[in-house]
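Structure assessment
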Amino acid sequence: MGLENQISEFTFDTFFNNVNGYYRTAAVKAAIELGIFDIVGENRKSIDEVANECQSSRRGIRILCYFLASIGFLKVDGDVFYMTREMVMFLSRKAPGYLGDSIDFLLSPYIMSAFDDLASVIRTGEIRLSSDGVVAPDHPQWVMFARAMSSMMSLPSVLLAELVDTQPNKPIKVLDVAAGHGLFGTAVARKNPNAQVTFLDWENVLQVAKENVAKAGVEDRAQFMPGSAFDVDWGEGYDAVLLTNFLHHFDKEGCQVILEKAKAALNENGRAYVFEFIANEDRISPSLAAATSMMMLGTTPAGEVYTYSDIKEMFENVNYSNVELRPIPPAMENVVVGYKNSL
Ligand SMILES: Nc1ncnc2c1ncn2[C@@H]1O[C@H](CSCC[C@H]([NH3+])C(=O)O)[C@@H](O)[C@H]1O
């Protein structure tokens, strides 16, 4: 049963499919680890063939593959399994849109442990992870994030660069805050040969950004600024400040501190670009926005996913002149552009 049906009508299945939701997690993780999506790929494979190729028990593969087909991760025709074009695009290791690496971060024991006792997190308002969870200084989890999640950001980073670099080849100065893998700033540097880009993040995470900057061949136009975005001096005169997947880790006050720092660092025509999962005003769609809020509930002291009106209000509270929502399909995230001064 698809998620849409589950939310439109509560049934017996709704209860058990959600209580047993961890079977889905386990099955998808096992399939990625066993290489099942690479074995099936663009082929049609029988249970015996899959079992042989991944050197696994026939019973295990049979039960797993039928379950994967029941949750939409494989197609089945009798006892032959195959994948749709979309499945191949996201699940085949060699496809550019491959999502499988994200489990290294999303299903890491550290992140999963944040949800061991969610009721107590909610009752006490305190996360189970030590100190500030994933927003603690120099948190090693972000190095893993930068490696595991970068492939998901390669298309969005190119789409955001299109928005940022409106006048081709004009010298511009860009600050990529909480850069992680650094793909967003790197995409601007690749698009515009006269762009200078500064990458800000924890020292350990910047090592990954440096690798990606070198791979893109733009190291001569890259600077690195280690430390906390809340503490370090960002400098000034930037045409663009990129805030990608950062604000949802903090409460509104924290976000406003960041937006205010961005405003002070921008030049008179400068713009801040917030790239985020944005919840619709109903706060239940898109479902990944509501799910990302759950992630923040478990792993950060105060973060959550915001609606466009929340983000607009935060920008307005720190006196940006204009705020505009710019979807960049097919990315699931949206961009909110804040203009320091009127156009
Ligand atoms: N206080 C902080 N100062 C600077 N970076 C931080 C801070 N807290 C968390 N981070 C970084 O915030 C990033 C969030 S993940 C977002 C990474 C990237 N901008 C992307 O859109 O994919 C991680 O790289 C963290 O290391």
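The structure we're discussing is the one just above.
Notes on the structure in this doc start here. Predicted model, so just to flag it, every value in this text is computed and none were measured. Residue indices begin from 1 for each chain and proceed along its sequence in written order. Only residues with pLDDT of at least 70 get local features here, since the model is predicted, and only at 80 or more are side-chain atom pairs given and counted; chain-wide, interface and lining totals rely on the full set of residues. Note: side-chain values were computed over all heavy atoms of the structure, leaving out hydrogens and water.

1. Quick look at the pairing of strand β9 (residues 322-327)
By this definition, two strands are paired if DSSP reports at least two bridges between them. Under the scheme used here, helices are H or I runs from DSSP no shorter than 4 residues and strands are E runs no shorter than 2 residues, and both carry numbers assigned from the N terminus. Relative to strand β10 (residues 334-339), β9 runs antiparallel, the two being bridged by 6 bridges. Its bridge partner lying in β10, Glu-324 is registered against Val-337. Linkage of β9 to β10, two consecutive antiparallel strands, is achieved through a turn of 6 residues.

2. Considerations on the pairing of strand β8 (residues 266-276)
Most of β8 sits inside the fold, with 8 of its 11 residues counted as buried. Strand direction decides the pairing type here: strand β7 (residues 238-244) and β8, joined by 6 bridges, are parallel. Of the residues in β8, the one forming a bridge with Tyr-238 is Leu-266. Crossover handedness is defined by viewing with both strands directed away from the observer: a clockwise path from the first strand over the helix to the second marks the crossover as right-handed. Taken together, β7, helix α15 (residues 252-265) and β8 constitute a β-α-β crossover, and its handedness is right-handed. Of the strand pairs in this sheet, β8 and β10 are connected by 6 bridges, and their pairing is antiparallel. When the bridges of β10 are listed, Arg-271 appears paired with Tyr-339. We call a residue buried when its accessible area falls under 20% of the maximum for its residue type, exposed when it is over 50%, and partly exposed in between, using a 1.4 Å probe and counting protein chains only.

3. Notes on the pattern of salt bridges
When a carboxyl oxygen of Asp or Glu is within 4 Å of a side-chain nitrogen of Lys or Arg, the pair counts as a salt bridge. Applying the stated rule across the entire model yields 12 salt bridges. With its nearest N and O atoms 2.7 Å apart, the salt bridge here joins Arg-44 to Asp-77. Of this pair, Arg-44 sits in the loop between α4 (36-40) and β1 (45-46) while Asp-77 sits in strand β2 (residues 75-77); the two residues are 33 residues apart in sequence, bridging distant segments of the chain. Residue classification places Asp-77 among the partly exposed residues on the basis of a relative accessible area of 41%. Residue Glu-313 pairs with Lys-252 through a salt bridge whose shortest N-O separation is 4.0 Å.

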